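# Residue-level structural notes
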Amino acid sequence: MTSTTTAADRPQRSRLSRLIRELWFQVVLAAVLGIAVGILAPGLGEDLKPLNDWFIALVKMIVIPVVFCVVTTGIASMDNLRKAGRIGVKAIGYFLVLSLASMLIGLVVANIFQPGSGLHVDPSSLNADDVPKTATEHATFTGFISSLIPASLLGAITGDAILAALMVSIVFGVALNMAGEEGAPLTRGIKALSDVVFRIVGWVMRLAPLGTFGALATVVATYGAESLKQLGYLIILFTATCVVYVLVVLGAIMRACRLSLFGLIRFLKAELLVALSTCSSEAVLPQLVRKLEILGIGRPVVGIVIPSGFSFNLDGSAVYLTMASLFLAQAMGIDLSWQQQLIMVGVMMLTSKGTAGIAGGAFIVLASTVTAVGHIPLAALSLIVGIDRILNEGRVFINVLGNAVATIVIGKWENDFDTEQARKVLHSRTTTPPQAKVDTTKAGADK
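Conventions used here
Residues numbered from 1 in each chain as written. Predicted model: local features only at pLDDT ≥ 70, side-chain atom pairs only at ≥ 80, totals over all residues. Heavy atoms only, no water. UniProt positions renumbered as here; feature names shortened; annotations may be inferred. Helix = DSSP H or I, 4+ residues; strand = E, 2+ residues; numbered from the N terminus. Salt bridge = Lys/Arg side-chain N within 4 Å of Asp/Glu carboxyl O. Buried < 20%, exposed > 50% of the residue type's maximum accessible area, 1.4 Å probe, protein only. Expected span 1.5 Å × (residues − 1). pLDDT = per-residue confidence, 0-100. Contact = heavy atoms within 4.5 Å. Phe/Tyr/Trp six-rings, centres within 6.5 Å; stacked < 30°, edge-to-face > 60°. Lys NZ or Arg CZ within 6 Å of the ring centre and 35° of its normal. Core = buried A, V, L, I, M, F, W, Y, C linked by side-chain atoms within 4.5 Å. Patch = residues over 30% accessible without salt bridge, like charges linked within 9 Å, V, L, I, M, F, W, Y side chains within 5 Å. Areas by Shrake-Rupley, 256 points an atom, 1.4 Å probe, with all protein chains shown as cover.

### Brief notes about the UniProt feature "transmembrane region" (unreviewed entry) in the protein chain
As recorded in UniProt, the sites labelled "transmembrane region" (unreviewed entry) are residues 23–42, 54–79, 91–113, 161–179, 200–225, 231–253 and 358–385. Annotation note: span residues 23–42, helix share 95%, strand share 0%, distance between end C-alpha atoms 26 Å. As annotated, residues 161–179 has a helix share of 95% and a strand share of 0%, and its two end C-alpha atoms lie 27 Å apart.

What follows is the structure, given as structure tokens:
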């Protein structure tokens, strides 16, 4: 009887132990504990902020090497260099269309539901000192171009500017490709370095629960529920818009690709949870690159679309920009005509491309647009400073998921996508160890 009971209990214990070892479950558990600490012990919650800061710093340490290895080896192994340019043009075109659509969605929602109406805020009662100083560092086109040019070739690889690293990686990959056999040893060396780098990525990502715990404990302890009382409607409306955007827009794109959106979300659940809890897209960039290669997308496509997408394809931020701008105008009783709103969208399309790698980039773009358009006082930004971190949850989720979908679209467009492999992965309910997946797909990823 005892042996029978033990045999029956063993599978349950085995399933539980497998669940505990899953990164996404550890992140969820850490999130719950972080929220509990923030509510029950706010003082301790505020002191836990370094945990998230350290985790983000570790990820940023490895982001540039990942970008360099993936982009350089992807381009160096191409049979036709024109493919790199073709991928870039298609990606930029896709990014512009989705960014514009996202901004227009935010515009329509804010006009229909009027989240700021009824607040009747007196402009003279606002304090511009509440607006972070970084928000006054307005994005410019010349600043954007300057961010593409590193101080030195090696400086771009050892620095923390993704756009500069992307440009140098493309140039380096093209040079290796054109060098032919003479550059082959160096290409093989960078591929070997890539394996080492992704091993380090795996180690760093195991620390994600600690970063999640520290981040949520700090947020709950710092802001609590007071900042949500007056602005709760905006938070609820923005969150609902993000959900509808994912289901309708991204869902339609995935259906067009004949793939499952929910399968993709399940496949990327660990990365999406880490992004949500840390409010940082960069925190998942290295692992996202590897996951999309596992999905069956060619390395050249992943290497170009993902790094550039994290700078140009921020759909969640685009929805936020128009909704937040109209919220501020409505709160202050300013009636913006459709012409003024469309001009505002045009300005945002330009300024939003100049904040790559800047912390709180969407808030800076909002400040730049408010100043450039001139219809809303800069001090009005103080109304949403307290909830910007909460609104950032929806922005980051859509930014990460939207870029994964963009990579699938460009991969299919380029015929560099293994659809059968993707369907097998997305419909799988089990989690294969990452190393096993990498081993079985490496040949396909490098082609």
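And the narrative resumes.
### Focus: the pattern of salt bridges
A full pass over the atoms with the stated rule returns 8 salt bridges. Here K90 makes a salt bridge to E414, at a shortest N to O gap of 2.7 Å. Of this pair, K90 sits in helix 5 (residues 82–113) while E414 sits in the loop between helix 20 (388–413) and helix 21 (419–426), placing them 324 residues apart in sequence. Accessibility assignment for this pair places K90 and E414 in one class, buried.

### Details of helix 16 (residues 299–312)
Look at helix 16: 19 Å from first C-alpha to last across 14 residues, which is about the 20 Å you get at 1.5 Å a residue. Where burial is concerned, most of helix 16 is hidden: 14 out of the 14 residues are buried.

### Some thoughts on the confidence of the model for the protein chain
When the pLDDT values of the protein chain are averaged, the result is 78; 81% of them are 70 or greater. Looking across the protein chain, the model is least confident in helix 22 (residues 434–445), with a mean pLDDT of 38, and most confident in helix 13 (residues 261–267), with 93. Across residues 431–447 the pLDDT falls below 50, and counting only partners more than four positions away or on other chains, this stretch makes 20 contacts in the model.

### Things to note about the packing of aromatic side chains
Taken as a whole, this structure holds 3 aromatic pairs when the rule is applied. Measuring from centroid to centroid gives 6.2 Å for F238 and Y320, while their planes differ by 80°, and the two rings are edge-to-face. With a gap of 82 residues between them, F238 in helix 12 (residues 232–256) and Y320 in helix 17 (residues 315–331) connect regions that are remote in the sequence. On the basis of relative accessibility, which here comes to 2%, the residue F238 falls in the buried class. The ring of Y320 carries the charged tip of R395 above its face, separated from the ring centre by 4.1 Å.

### With respect to the nonpolar core
Grouped together as the largest cluster of nonpolar side chains are 121 residues, with contacts concentrated most on L264, L295, Y320 and I384. Per-element tally for this core: the top contributor is helix 4 (residues 49–76), with 14 residues. Setting aside residues up to four positions removed in sequence, L295 forms contacts with L264, F267, I408, F417, D418, Q421, A422, V425 and L426. Within the second largest apolar cluster, 5 residues are counted, among which are A30, V37, L48 and A217.

### Topic: helix 15 (residues 285–294)
Judged by how many residues are buried, helix 15 sits mostly within the fold: 10 of 10 residues are covered. For helix 15, the full list of buried residues reads L285, P286, Q287, L288, V289, R290, K291, L292, E293 and I294. Just downstream of helix 15, G296 is the residue with a positive phi angle, here 110°.

### Here's the deal with unusual backbone geometry
The backbone phi angle of Q114 is positive, close to 50°, even though this residue is not glycine. Looking at where Q114 falls in the secondary structure, it is placed in the loop between helix 5 and helix 6 (141–148). A relative accessible area of 31% places Q114 in the partly exposed class. Positive phi values are uncommon outside glycine, yet R258 reaches one of about 60°. With respect to the helices and strands, R258 occurs in the loop between helix 12 and helix 13. Given the relative accessible area of 67%, R258 is considered exposed.

### Points about the side chain of K291
Assignment of secondary structure puts K291 in helix 15. In this structure, K291 is in contact with F267, L268 and E271, ignoring residues within four places of it in sequence.

### Points about a nonpolar patch on the surface
On the surface, a nonpolar cluster with roughly 770 Å² of combined accessible area is contributed by L100, L104, V108, I112, F113, Y233, W338 and L342. Listed by contribution, the elements that provide at least two residues to the nonpolar patch are helix 5 and helix 18 (338–351). For L100, a relative accessible area of 37% corresponds to the partly exposed category.

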